[in-house]
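Given next are the chains, with one letter for each unit.
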Amino acid sequence: MPPPVLADPRVAALRDDALANDHYAWDVVEGLTTEVGQRLAATEAEARARDWAVRRLTAMGFANVHVEPFTMPVWTRGAEGAEIVAPFPQKLAVAALGYSGSTGPEGITGQIAYFPTVDALRAAPDSAVAGKIVFIDHHMMPAQDGSGYGQFGAPRRQGPTIASLKGAVGIVIRSIGTDHHRNPHTGVQYFTDGAKPIPAGALSVPDAEQLIRILERGKPVTMHLTLVSQKTDGGRSGNVIAEVPGRDPKAPILLIGGHLDSWDLATGAIDDGAGVAITTAAAKHIMDAGRPLRTIRIVWFGAEEPGGFGGKAYAEAHGKEAHAIAGESDFGADRVWRFSSQLKTSDPAAYAQLAASLAPLGITRNDKGDADGTDVEPTIAAGAPWITLNQDGTRYFDWHHTPDDTLDKIDPAQLRQNVAAWTAMLAVLSGGIEPGAKRPKRR
Ligand SMILES: [Zn+2]
């Protein structure tokens, strides 16, 4: 029997204080979503969000607050609509997917070519698709670990390219979502393999089901589809960075964060205002307690949604610096239910301390977990050890990338549990926190 591992009482005290009293996370996500709103990557809204972030992080007392800019293509949404022309004329709820081609304001009209899965589309002869509007169905179910997203995201990520290469004039998919609201779920896709961009949209889940019932009547179905959008090069985005300086500037740092940008359909409260709020609040609790040995670096990554541009820019600038850990919060605001980390093999003592410190929050260890997170993946690929704090994803895909991603979906008690978990993680890996001269708590 290995000796029992007990959580360090100082870590436990910080954790329990955050669990009971944290208000920083709510203040950040409430402020960001109210005072900025939607933050589509590389638009002026995201630029306003960066300004907001610099002001807030400075006011909270963090050091080295600055923006690291980068450029990228910017895609913006215009007018959109989908209408069945025949046999049963009616409107359907649709939203363009990121980097969709544009129909122009006049729209396009085509017969629907139905495929139950992306693989059925892949297997179809070009003649079944050419000149038509492809429709791909699928059935994503809710799951605590959100595991359906990888598999059922394929119609969104690969469908438009396959449809284009087979000569389709457009594509609509059933939203990658687990709800039954008339809210389409947007999300990114890319045209690859030389495919020319075609209009690509997502129908809300009830509208996709309606279209299936119409198709089941056995008559040809004609749709008029309007998806106006614009793509231009030279858009500007950036990462906002702030630090809690460590006592040893040479010690490998703790990298945490989330992404500042959001889709344009809502205020991005769960994706990912919550993530930047949770990680920032946790760092603030450590700073309030004193000075950690290791520097804590918070990054509010820019332009995650259209393809992880901020994460790549960070790794290019900082991937060679020594990181003791890299982790991000980007799966909503519901409670953390398990964690995993590379430290299991590289630093078993720290891993045992993490397990003991997180267990009272109802967080189990997942010894078989993997690195996760678009923004930290490039830095992990450059050698940083990883940690993943998995949030409960059962409700996440009801709202993800829809007009329903708003502040009211955040449960303050579960948000505090997240902050407590990240605070405990930082405290365990901080190298020890020395009480500093008592400084007034700000904001
Ligand atoms: Zn996200």
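In this report, we go over the structure that sits alongside the text. (Residues numbered from 1 in each chain as written. Predicted model: local features only at pLDDT ≥ 70, side-chain atom pairs only at ≥ 80, totals over all residues. Heavy atoms only, no water.)

## Considerations on the overall build of the protein
- From N to C terminus, the protein includes 15 helices and 16 strands.
- A compact globule built from 443 residues would reach a C-alpha radius of gyration of about 22 Å, and the protein, at 23 Å, matches this within 12%.
- Each principal axis of the C-alpha atoms in the protein carries an extent, and together these give about 75 × 50 × 35 Å.
- Among the 443 residues that make up the protein, the fraction classed as buried is 59%.
- Considering only residue pairs separated by 6 or more positions, the protein has 84% of its internal contacts joining residues 24 or more positions apart. (Helix = DSSP H or I, 4+ residues; strand = E, 2+ residues; numbered from the N terminus. Rg over C-alpha atoms; globule rule 2.2 N^0.38 Å. Buried < 20%, exposed > 50% of the residue type's maximum accessible area, 1.4 Å probe, protein only. Contact = heavy atoms within 4.5 Å.)

## Considerations on the packing of helix α12 (residues 348-358) against helix α15 (residues 412-429)
- The N-to-C vectors of α12 and α15 enclose an angle of 150°; their axes lie 10 Å apart at closest approach. As summarised for this structure, α12 and α15 are arranged roughly antiparallel, according to the angle between their axes. Between α12 and α15 the crossing geometry is right-handed. From α12, A350, Q353, L354, S357 and L358 reach across to α15, where they touch A421, A424, M425, V428 and L429.
- Partitioned by chemical class, the residues of the contact of α12 with α15 number eight nonpolar, two polar and no charged. (Axes fitted to C-alpha atoms, helices over the stretch in contact; angles between N-to-C directions. Parallel < 35°, antiparallel > 145°, perpendicular 65-115°, else oblique. Left-handed = near helix turned anticlockwise from the far one by under 90°. Nonpolar A, V, L, I, M, F, W, Y, C, P; charged D, E, K, R; others polar.)

## So, the environment of G177
- Take G177: it is sitting in the loop between β6 (170-174) and β7 (200-203).
- Judged by its relative accessible area of 4%, G177 falls in the buried class.
- With 81 residues separating them along the chain, G177 and A96 place their C-alpha atoms 15 Å apart.
- Ignoring sequence-local partners within four residues, the contact set of G177 consists of M140, H185, V205 and F397.

## Remarks on the coordination of the zinc ion
- Coordination of the zinc ion by the protein comes from H259 (NE2), D271 (OD), D330 (OD) and D330 (OD), over a distance range of 1.9 to 2.6 Å.
- Donor residues for the zinc ion sit on one chain with the sequence pattern H-x11-D-x58-D. With a gap of 59 residues between them, D271 in helix α9 (residues 269-289) and D330 in the loop between β12 (323-328) and β13 (336-341) connect regions that are remote in the sequence.
- Of the residues examined, D330 reaches a relative accessible area of 17% and is grouped as buried. (Donors = N, O, S within 2.8 Å, 3.2 Å for Na, K, Ca; no water.)

## Things to note about the sheet that holds β13
- One open sheet holds the three strands; their spatial order is β14-β13-β15, and the pairing between them is mixed. In this open sheet, the two edge strands, each paired with only one partner strand, are β14 (364-365) and β15 (387-391).
- The pairing of β13 with β14 spans two bridges and is classified as parallel. Its bridge partner being in β14, F339 is matched across the sheet by R365.
- Along the sheet, α15 contacts β13 and β15; its crossing angle with β15, the most-contacted strand, is approximately 165°. (Pairing = 2+ DSSP bridges.)

## Structural notes on the packing of aromatic side chains
- Under the definition given, this model contains nine aromatic pairs.
- Geometrically, the ring pair formed by Y396 and F397 is edge-to-face, given 5.1 Å between the ring centres and 75° between the ring planes.
- For Y396, a relative accessible area of 5% gives the class buried.
- Judged by its relative accessible area of 2%, F397 is buried.
- Chaining the aromatic ring pairs together yields one cluster made of Y149, F331, Y396 and F397.
- Against the face of Y149 rests R157, its NZ or CZ located 5.1 Å from the ring centre.
- Sitting over the face of the ring of F309, K312 holds its NZ or CZ atom 5.4 Å from the ring centroid. (Phe/Tyr/Trp six-rings, centres within 6.5 Å; stacked < 30°, edge-to-face > 60°. Lys NZ or Arg CZ within 6 Å of the ring centre and 35° of its normal.)

## Details of the pairing of strand β8 (residues 222-244)
- In this structure, strand β1 (residues 63-86) lies alongside β8, joined through 18 bridges in antiparallel fashion. In the strand pairing of β8, E83 is matched with H224.
- In this sheet, β8 lies alongside strand β4 (residues 108-115) in antiparallel orientation, the contact comprising four bridges. Bridge pairing in β8 links G110 to M223.

## So, the nonpolar core
- Of all hydrophobic cores here, the largest spans 90 residues; its most connected members are F62, V134, W300, F339, I410, L426 and L429.
- For F339, the residues in contact, after removing those within four places along its chain, are Y351, L354, A355, L358, I363, T364, R365, N366, I387, T388 and L389.
- Within the second largest apolar cluster, 32 residues are counted, among which are L40, M72, I84 and I214. (Core = buried A, V, L, I, M, F, W, Y, C linked by side-chain atoms within 4.5 Å.)

## A short note on α9
- Taking 1.5 Å of rise per residue, the 21 residues of α9 would be expected to cover 30 Å, and the 28 Å separating its terminal C-alpha atoms lies within 8% of that figure.
- Buried residues dominate α9, accounting for 20 of its 21 residues.
- A positive phi of about 150° marks G290, the residue just after α9. (Expected span 1.5 Å × (residues − 1).)

## Looking at unusual backbone geometry
- Across the junction of A86 and P87, the peptide omega takes the value 5°, indicating a cis bond.
- Cis geometry marks the peptide bond from D271 to D272; its omega dihedral reads 5°.
- By the element assignment, D272 lies in helix α9.
- The phi angle at N64 is positive, at roughly 55°, despite the residue not being glycine.
- For N64, the location among the structural elements is in strand β1.

Just geometry here; none of it tells us what the structure is for.
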